[in-house]
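Next come the chains, spelled out residue by residue.
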There are 2 protein chains.
Amino acid sequence: MILSHPDAVAILRKSELFASQSMDILDPFAEQARFHEMPKGTIIFSHEQSAEHFYIIVSGWVKLSRETLDGNEAVIDVLHSGHMFGELALFENMQYVCNAEVAEDAELLFLPLHLLDTMIASHHDFARQLLHVMSSTRVKRDKELEHRDMQSAAQRIGCFLLRLCGADAESPLQLYLPYDKTLIASRLGMKPETFSRGLATLRKHVDLTIQGAALEIKDVEQLTAYTCNACSFTYPCEDL
Amino acid sequence: MILSHPDAVAILRKSELFASQSMDILDPFAEQARFHEMPKGTIIFSHEQSAEHFYIIVSGWVKLSRETLDGNEAVIDVLHSGHMFGELALFENMQYVCNAEVAEDAELLFLPLHLLDTMIASHHDFARQLLHVMSSTRVKRDKELEHRDMQSAAQRIGCFLLRLCGADAESPLQLYLPYDKTLIASRLGMKPETFSRGLATLRKHVDLTIQGAALEIKDVEQLTAYTCNACSFTYPCEDL
């Protein structure tokens, strides 16, 4: 679907790459953007598939994964609105470096990779902003690796909840798990049974109630104290 | 120490960022490069310190790490010759995003960050190459995260050894552990005791002998078969 120019610009502005760019940059992307609704379970692209687009999530959730030789799935990330994916193909021989699948009904903006290529070459401020976005993602990845080593399962679940709360969370806080628990477990690099045990441990240390996907955290500070001591970043994190 | 121009160019050429760049790019970096020998244990920079340089390793090993609030050290990476570090500061308010320390006696090339900034702005091919290097590092990080989830400790140690062997390893293969086992364990996100148990498990499945830092692998293919099935990349990996 073709969006109106202002609608496309408004969506672009919500992503880190385009937020602070001038209309010189935004106009050509807005013109060539296509809007797609995709139900849960849709395969957006597969690992090593030849790449034409990169994507911005308007709503919903998208899972990035890879498959090991013995057939297991490793979840790399689960992204939501404002996030971009598929752009790395531009630097990897125009092949996607992972699988992308709709994890919860999603609306996506499709954008041509060749336009990204042209705009990087012609506008150095834009290239610099892409470098900045890639640097942030790298720091985020380093943090994830750190958490795998230094945090307990319960603390990693606590961190996941804090990120859902956002930086200005007030106690008591109600929130909903955005996608199913099996995927949350994979996202956090845990087996479902480790996730269940981790959640049980977390509830021993932090006052929280769960009913289905609905969750109430009585005291956000209590959660922060329990979770963030085993992390090298201070709450609220910059990338919440 | 100031190097001769050809020596500085030769070192730059060994790093992924500069390998295929023209003399337009290499000349100013070679002119401003400074060569330093640093003994094991030297702190090169600290997390959040204000940044002036980025670095290329000529020889030796450098550890990148961060410290958690409760005082534990998370090792992000351990790098050797040809690798670059400290460059992310350019996109993170001119502050280093981690600590860097000499892990084994090292020779380093110091390069000014402001020059990197200028050259990115003025040479879009160079900006694109930096994007490419950052993309490769991101894919590598995703792989590390995957390994934390999908591979056993023994397989992760096997993967570490395969990377030391390189792509053209012939059986039987002698090699030396490049730095001490405690750091290897941290690098792989393991406690020293997990590392010892993992190594014992690996030796049950793969024919290898260890004496101090010296190691002999009888059959590289046997090691590959044991290690690489739990990975989504095929051996030999592109980033060996």
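Residues numbered from 1 in each chain as written. Chains lettered and ligands numbered in written order. Predicted model: local features only at pLDDT ≥ 70, side-chain atom pairs only at ≥ 80, totals over all residues. Heavy atoms only, no water.

Turning next to the nonpolar core. Nonpolar side chains tend toward joint burial in soluble globular proteins. Grouped together as the largest cluster of nonpolar side chains are 110 residues, with contacts concentrated most on Phe 18, Phe 29 and Phe 85 of chain A together with Phe 18, Phe 29 and Phe 85 of chain B. Apart from the residues lying within four places of it in its own chain, the contact partners of Phe 29 of chain A are Leu 12, Phe 18, Phe 54, Leu 111, Leu 115, Leu 116, Met 119 and Phe 126 of chain A. Counting residues in hydrophobic clusters, the runner-up holds 33 residues, among them Val 75, Phe 160, Leu 161 and Ile 217 of chain B. (Core = buried A, V, L, I, M, F, W, Y, C linked by side-chain atoms within 4.5 Å. Buried < 20%, exposed > 50% of the residue type's maximum accessible area, 1.4 Å probe, protein only. Contact = heavy atoms within 4.5 Å.)

Glancing now at the relation of the copies chain A and chain B. Rotating chain A by 180° about the axis while translating it 0.0 Å along that axis superimposes it on chain B, leaving an RMSD of 0.0 Å. Such a turn and shift between the copies fits a two-fold axis. Mapped onto chain B, 100% of the interface residues of chain A again fall at the interface, so both copies present the same surface. (Least-squares fit on C-alpha atoms with pLDDT ≥ 70 in both.)

The subject of this paragraph is the interface of chain A and chain B. Size of an interface, as often reported, equals the accessible area lost when the parts are brought together. Opposite the 47 residues of chain A that make contact, chain B presents 47 residues. Across the chain A/chain B interface, buried area totals approximately 4,500 Å², and carbon plus sulfur atoms make up 61% of it. Linking Arg 66 of chain A and Glu 146 of chain B is a salt bridge whose minimum nitrogen-to-oxygen distance equals 3.9 Å. Linking chain A with chain B are 18 residue pairs in polar contact (both at pLDDT 80 or more), by the criterion used here. At the level of secondary structure, the elements contributing two or more residues to the side of chain A that touches chain B comprise β3 (53-67), β4 (73-79), α3 (113-122) and α4 (124-150) of chain A. The biggest single contributor to the side of chain A that touches chain B is α4 of chain A, with 20 residues. Here the residues of the side of chain A that touches chain B sort into 20 nonpolar, 12 polar and 15 charged. (Buried area = accessible area lost by both parts, 1.4 Å probe. Salt bridge = Lys/Arg side-chain N within 4 Å of Asp/Glu carboxyl O. Polar contact = N/O pair within 3.5 Å; in protein donor to acceptor, adjacent residues only side chain to side chain. Helix = DSSP H or I, 4+ residues; strand = E, 2+ residues; numbered from the N terminus. Nonpolar A, V, L, I, M, F, W, Y, C, P; charged D, E, K, R; others polar.)

Bringing the pairing of strand β7 (residues 173-176) of chain A into the picture now. Two faces make up the sheet, and in a regular strand the side chains alternate between them. Residue and element names in this part refer to chain A. Of the two faces of β7, only one is covered, namely that formed by Leu 173 and Leu 175; the face formed by Gln 174 and Tyr 176 stays uncovered. As paired strands, β7 and strand β9 (residues 214-217) are joined by four bridges and run antiparallel to one another. The residue of β9 that forms the bridge with Leu 175 is Leu 215. (Pairing = 2+ DSSP bridges.)

This part takes up empty space enclosed by the protein. On inspection of all chains with the given rule, the structure shows seven cavities of 30 Å³ or more. Of the voids in this model, the largest cavity is the one considered here, and its volume is about 120 Å³. Each residue belonging to the lining of the largest cavity can be placed in one class, and the counts come to nine nonpolar, one polar and four charged. Estimates place the volume of the second largest cavity at around 110 Å³. As for the second largest cavity, its lining consists of 14 residues, of which Gly 86, Leu 88, Val 97 and Cys 98 of chain A together with Arg 138 of chain B are closest to the centre. (1 Å grid on protein atoms, 1.4 Å probe; cavity = no way out; pocket = protein on both sides within 12 Å on 5 of 7 lines; lining within 4 Å. Points joined across faces, edges and corners; volume = space filled by probe spheres on them.)

For the rest of this paragraph, the subject is the confidence of the model for chain A. Taken over all residues, the pLDDT of chain A has a mean of 92, while the share at 70 or more is 99%. The ipTM for the predicted assembly is 0.88, set against a pTM of 0.90. (pLDDT = per-residue confidence, 0-100.)

Turning our attention to the packing of aromatic side chains. Taken as a whole, this structure holds 22 aromatic pairs over all chains when the rule is applied. Every member of this aromatic cluster is reached through a ring pair, and the members are Phe 45, Tyr 55, Phe 85, Tyr 96 and Phe 110 of chain A. Sitting over the face of the ring of Phe 233 of chain A, Arg 66 of chain B holds its NZ or CZ atom 3.7 Å from the ring centroid. Sitting over the ring of Phe 233 of chain B, Lys 143 of chain B keeps its end group 4.3 Å from the ring centre. (Phe/Tyr/Trp six-rings, centres within 6.5 Å; stacked < 30°, edge-to-face > 60°. Lys NZ or Arg CZ within 6 Å of the ring centre and 35° of its normal.)

Right, let's get into the packing of helix α2 (residues 23-32) of chain A against α3 of chain A. Residues and elements named next belong to chain A. Close contact between α2 and α3 brings their axes to 11 Å; oriented N to C, the two are set at 165°. On the basis of the axis angle, α2 is roughly antiparallel to α3. Crossing handedness for the pair α2 and α3: right-handed. On the side of α2, the interface is formed by Asp 24, Ile 25, Pro 28, Phe 29 and Gln 32, while α3 contributes His 114, Leu 115, Leu 116 and Met 119. (Axes fitted to C-alpha atoms, helices over the stretch in contact; angles between N-to-C directions. Parallel < 35°, antiparallel > 145°, perpendicular 65-115°, else oblique. Left-handed = near helix turned anticlockwise from the far one by under 90°.)

Below, the discussion takes up the pattern of salt bridges. All told, the structure shown has 28 salt bridges over all chains when counted by the stated rule. Of the charged contacts, one joins Glu 101 of chain B and Lys 63 of chain B as a salt bridge, the two residues approaching to 3.8 Å between their closest N and O atoms. Here Lys 63 of chain B lies in strand β3 (residues 53-67) and Glu 101 of chain B lies in strand β6 (residues 99-112), a separation of 38 residues in the sequence. Classification of Glu 101 of chain B by relative accessible area gives partly exposed; the value is 24%. The exposure class assigned to Lys 63 of chain B is buried, which follows from its relative accessible area of 10%. Notably, a salt bridge pairs Arg 187 of chain B with Glu 144 of chain B, separated by 2.6 Å at the nearest N-O pair. Taken together, the residues Arg 187 of chain B in helix α6 (residues 181-187) and Glu 144 of chain B in helix α4 (residues 124-150) connect sequence positions 43 residues apart. The residues Arg 187 of chain B and Glu 144 of chain B share a single accessibility class, namely buried. The network of salt bridges with common partners includes Asp 77, Arg 141, Glu 144, Arg 148 and Arg 187 of chain A together with Asp 142 and Asp 149 of chain B.

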